[in-house]
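Coordinates in review
One letter stands for each residue in the lines below.
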Amino acid sequence: MKSTSAPAREWQTIEGSHVLDRALRYDPAASRRLRLRVVPASRGSWHWESLFLVLMVRTVLLGYLGLGTLHAQTIRPDDLTVLMAADAVHKGSLKTSDMGPGKMGWVESWDSSGSLSWTGKITAPGSYALFAILQGSGRGCSVEVTISSKPLTASCLNTDWERVKLGTVELSAPVQSFTFRSVGTSPVVKVFSLEIVKPEVQVELADRAARSAAPTDWMVQAKYGVFVHWTSQSKPEHGSPLPYCQAVRNFDVHKFADVLDEMGAGYLVFTTSHAEFYFPGPNKVIDEILPGRTCSRDLVGDLAQALSKHGIKFELYFHPGHDDVEWWRRTHFDDDKNKYFDLWCRVIGQMGQQYGPSIAGYWLDDATFTYYPFNPPWAKMTAAAKQGNPDRLITYNSWILPKVSDFYEVFAGENDFSEEMINGFGFLPVGGTGKFTGGPQSGLQGQITTIINGDWGHFKLNTPISPPKYSSDTMIAKLRDAISRKNVPTFDVEIYQDGRISPETLALFKEIRRVIKPTNR
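Values in this document were obtained by computation on a predicted structure and should not be read as measured data.

Right, let's talk about empty space enclosed by the protein for a bit. One pass over the structure, following the stated rule, counts 3 cavities of 30 Å³ or more. Estimates place the volume of the largest cavity at around 70 Å³. In terms of lining, the largest cavity is formed by Ile289, Phe318, Pro320, Trp327, Thr331, Tyr340, Leu343, Trp344 and Val347. For the lining of the largest cavity, the element with the most residues is helix H12 (residues 337-355), which contributes 4 residues. The residue makeup of the lining of the largest cavity, split by class, is 8 nonpolar, 1 polar and no charged.

If you walk across this open sheet you meet the 8 strands as E18-E17-E16-E15-E14-E13-E20-E19, and the pairing is parallel. Two strands in the sheet have a free side with no partner beyond their single neighbour: strand E18 (410-411) and strand E19 (447-451). As defined by bridge partners, strand E13 (residues 225-228) adjoins strand E20 (residues 488-492) across 3 bridges and the pair is classed as parallel. Following the sheet pairing, Phe227 is matched in E20 by Asp492.

Once that is clear, we can look at helix H5 (residues 199-212). For H5, with 14 residues, the first-to-last C-alpha span of 21 Å sits near the 20 Å given by 1.5 Å per residue. Regarding H5, the residues found buried are Val201, Leu205 and Ala209. With its buried residues spanning 70° around the axis, H5 presents them on a single face. Of the exposed residues in H5, the ones pointing more than 90 degrees away from its buried face are Glu200, Ala210 and Arg211. On its buried face, H5 sits against strand E12 (190-197).

Of all 8 residues making up E12, 8 are buried, and the element is well covered by its neighbours. Where strand E2 (residues 81-84) meets E12, 4 bridges bridge the pair, whose relative direction is antiparallel. The residue bridging Val82 from the neighbouring strand is Glu195, located in E12. Relative to E12, strand E7 (residues 126-135) is paired through 7 bridges, and the arrangement is antiparallel. The partner of Ala129 across the bridge, within E12, is Val197.

Before going further, it helps to examine the packing of aromatic side chains. All chains considered together, the criterion is met by 37 aromatic pairs. Aromatic side chains Phe251 and Phe270 sit 6.3 Å apart centroid to centroid with 80° between the ring planes, which places their arrangement in the edge-to-face category. Taken together, the residues span a long stretch of sequence, with Phe251 in the loop between helix H7 (244-250) and helix H8 (253-263) and Phe270 in strand E14 (residues 267-271) at a distance of 19 residues. Each member of the pair, Phe251 together with Phe270, is buried. Residues Trp344 and Tyr371 carry aromatic rings whose centres are separated by 5.7 Å and whose planes lie at 75° to one another, so their mutual orientation is edge-to-face. In this pair, Trp344 sits in helix H12 while Tyr371 sits in helix H13 (residues 367-371), placing the two residues 27 residues apart along the sequence. The rings of Phe277, Phe318, Trp327, Trp328, Phe333, Tyr340, Phe341, Trp344, Tyr371 and Phe374 are connected pair by pair, giving a single aromatic cluster. Here the guanidinium or amino end of Arg293 rests over the ring plane of Tyr278, the centre of that ring lying 4.7 Å away. The positively charged end of Lys517 is found above the aromatic ring belonging to Tyr224, 4.5 Å away from the centroid.

To continue, consider the nonpolar core. Counting residues in each nonpolar core, the largest one holds 101 residues, and the members touching the most others are Leu268, Phe314, Trp344, Tyr396 and Phe509. When residues of this core are assigned to their parent elements, the largest contribution, 9 residues, is made by H12. Excluding residues within four positions of it along the chain, Phe314 makes contact with Leu268, Phe270, Val300, Leu303, Ala304, Leu307, Ser358, Ile359, Ala360 and Gly361. Membership of the second largest hydrophobic core comes to 32 residues, among which are Val107, Ala132, Cys141 and Ile147.

Another aspect to go through is the side chain of Thr450. Checked against the element boundaries, Thr450 lands in strand E19. Not counting residues within four places of it along the chain, the set of residues in contact with Thr450 comprises Asn415, Asp416, Phe417, Thr490, Phe491 and Asp492.

Looking now at the packing of helix H16 (residues 472-484) against helix H17 (residues 503-516). Between H16 and H17, the shortest axis-to-axis distance is 10 Å and the interhelical angle comes to 45°. Relative to H17, the element H16 is oriented oblique. Here H16 runs over H17; the crossing is right-handed. Listed contacts from H17 to Ser472, Met475, Ile476, Leu479, Arg480 and Ile483 of H16 are Leu508, Phe509, Glu511, Ile512, Val515 and Ile516.

Definitions and limits used
- Residues numbered from 1 in each chain as written.
- Predicted model: local features only at pLDDT ≥ 70, side-chain atom pairs only at ≥ 80, totals over all residues.
- Heavy atoms only, no water.
- 1 Å grid on protein atoms, 1.4 Å probe; cavity = no way out; pocket = protein on both sides within 12 Å on 5 of 7 lines; lining within 4 Å.
- Points joined across faces, edges and corners; volume = space filled by probe spheres on them.
- Helix = DSSP H or I, 4+ residues; strand = E, 2+ residues; numbered from the N terminus.
- Nonpolar A, V, L, I, M, F, W, Y, C, P; charged D, E, K, R; others polar.
- Pairing = 2+ DSSP bridges.
- Expected span 1.5 Å × (residues − 1).
- Buried < 20%, exposed > 50% of the residue type's maximum accessible area, 1.4 Å probe, protein only.
- Arc of directions from axis to C-beta.
- Contact = heavy atoms within 4.5 Å.
- Phe/Tyr/Trp six-rings, centres within 6.5 Å; stacked < 30°, edge-to-face > 60°.
- Lys NZ or Arg CZ within 6 Å of the ring centre and 35° of its normal.
- Core = buried A, V, L, I, M, F, W, Y, C linked by side-chain atoms within 4.5 Å.
- Axes fitted to C-alpha atoms, helices over the stretch in contact; angles between N-to-C directions.
- Parallel < 35°, antiparallel > 145°, perpendicular 65-115°, else oblique.
- Left-handed = near helix turned anticlockwise from the far one by under 90°.

The structure is reproduced here in C-alpha cells:
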C-alpha cells in the first residue's frame, strides 16, 4: 500500500472533499478548471497559499451550484427525476453498495445518525410528488424527507423492496434542498433513490406508455420459454473453445430449433452480448463504435427463420457491456450520458430494423443499476427497441427492485422458481390476467427468469453441464400453478458452445412438454 504524503492527508480532512470529488465527476469543465489552478505543495510541507486556493475554489463552486453541495440536479418539469442515494451527501455511518463498473447501488447501514442530502434546481415551480425506493424493516420503520424545512413522512413496513409515496410538496424556490432520514424506532434497511414528479406529468407518462404497449397474449399462450446464455465465453464439453465468430459460423440452427421444439419451448431468449460485448451477426452501428465485435454470419436471422418453422417466438437479450473495458470506453458512458443513450438507441434500433417482426421481444439487462440512476430517456429507448415491430415486447430487468418506468410490458423476474415469485408476492391471483394487480411491478406482465442448471451459461472448461435443479414432478407442479395465474416462466438452461444442452435437461423438458402441452402446437 502506498504511503500518503502530509499534504494529501490534509486534503482528505477538508470538510466536504468527498462532495468535491462527486462534483468533478458531474462537471468535467469544473474538473479541468481545478486541475489548471491547484499546484501541489512540496513534499512534507503544506503551503498556506495552496490551502487558500483550494478553499476559494470550493467556496466558488458551492456558491455556484447552491446550498452547500457541489452538484445541483435540475428537477425536470416534464418527466420524472431520479435523485440517487449513492450520489447524495452522506452523514453518519452509511455505506454504498458496490455493484461493479457501470452501475450504481443502494445505501445501507442506517441508524438515527444517517442522512442523505441533495440539492435541486427548480425551473418550473409547482406541486411535485415525492417517492422513495427502499427496503423497509417492518414494524417501527419510518422515513422522512425534509424539503427546505418542510417534512414529509412515510412508513416503511414492507421488508421487500418497494416504491413508497412520501406525499406532495410545493417547490417554488429556484434551488431546493432535500434531506432524507430514517426516523422510526426500527431503521430503514436500504435506500436506492428519491423520485420527484409532477402528479399530472406522472399521469401523462403512464397514458403515453399505455398507448404504446404491446399485447402479451402470445407470451401467456406460450406457457413457458427457454433462455440461453450462448456467448463469447461459452465452453465446449471437452477441449478448447473456438473463436467466437467461428463458433457462430458452426452453430447448427436447425438442430437447435428441433431440440427447443422437443422441449416444448414457446419462445427462445437468445443472448447477444454478455460480459464481452459481441454480436452474432452484422450490425453497422456496433462496427462504428468498435470494429471487430460483429460476425459475418447472421446467426440471429438464421435462428429466427429456423424457430419460425416450429412456431417458436424469438427474443434477444441485450447487456450494456460494462464489463468489457474497451467497449465501455467507446460508449461514452463515463463522460457523456446523453451520447451514451443516443448510441444505445442506435444499436438497439438497428437490430430492430434488421430483423423486424422476426424479433418478438427484447430482454434488456441491468436497467436498474446502469440505466435508471442516470435519468435515461425511457420513452425514446422503448421507441428505439420497437423499431421494425411495434408489437415487440420489452423487458427491462429491475431484478428485485420496483419497475424502472412505465415504458415496458414485461417484468424480468430474475429470481428462484419460488412460491412467492409464482404468485407475484400476492399480486398475481389465480384466474387473473397475468398482469400484476399492485405492488412494485404493478401493471407488468408476470415472468419468472430462473436457472435450471448450475449457472446462467456454460463457462467452465472440460466440465459437464450441471444436472437440473428440479425434478419433473416439482417442475410440473410449479408450472401448473404459474399457468393458473398466467405468470410465464422463462427457464435458463446451460448450453455447450456447439449448441447442445445436456441429455438430463432435455429429458426433463420432454416430460414437461408431455404433461403441460400434450397436443402439438
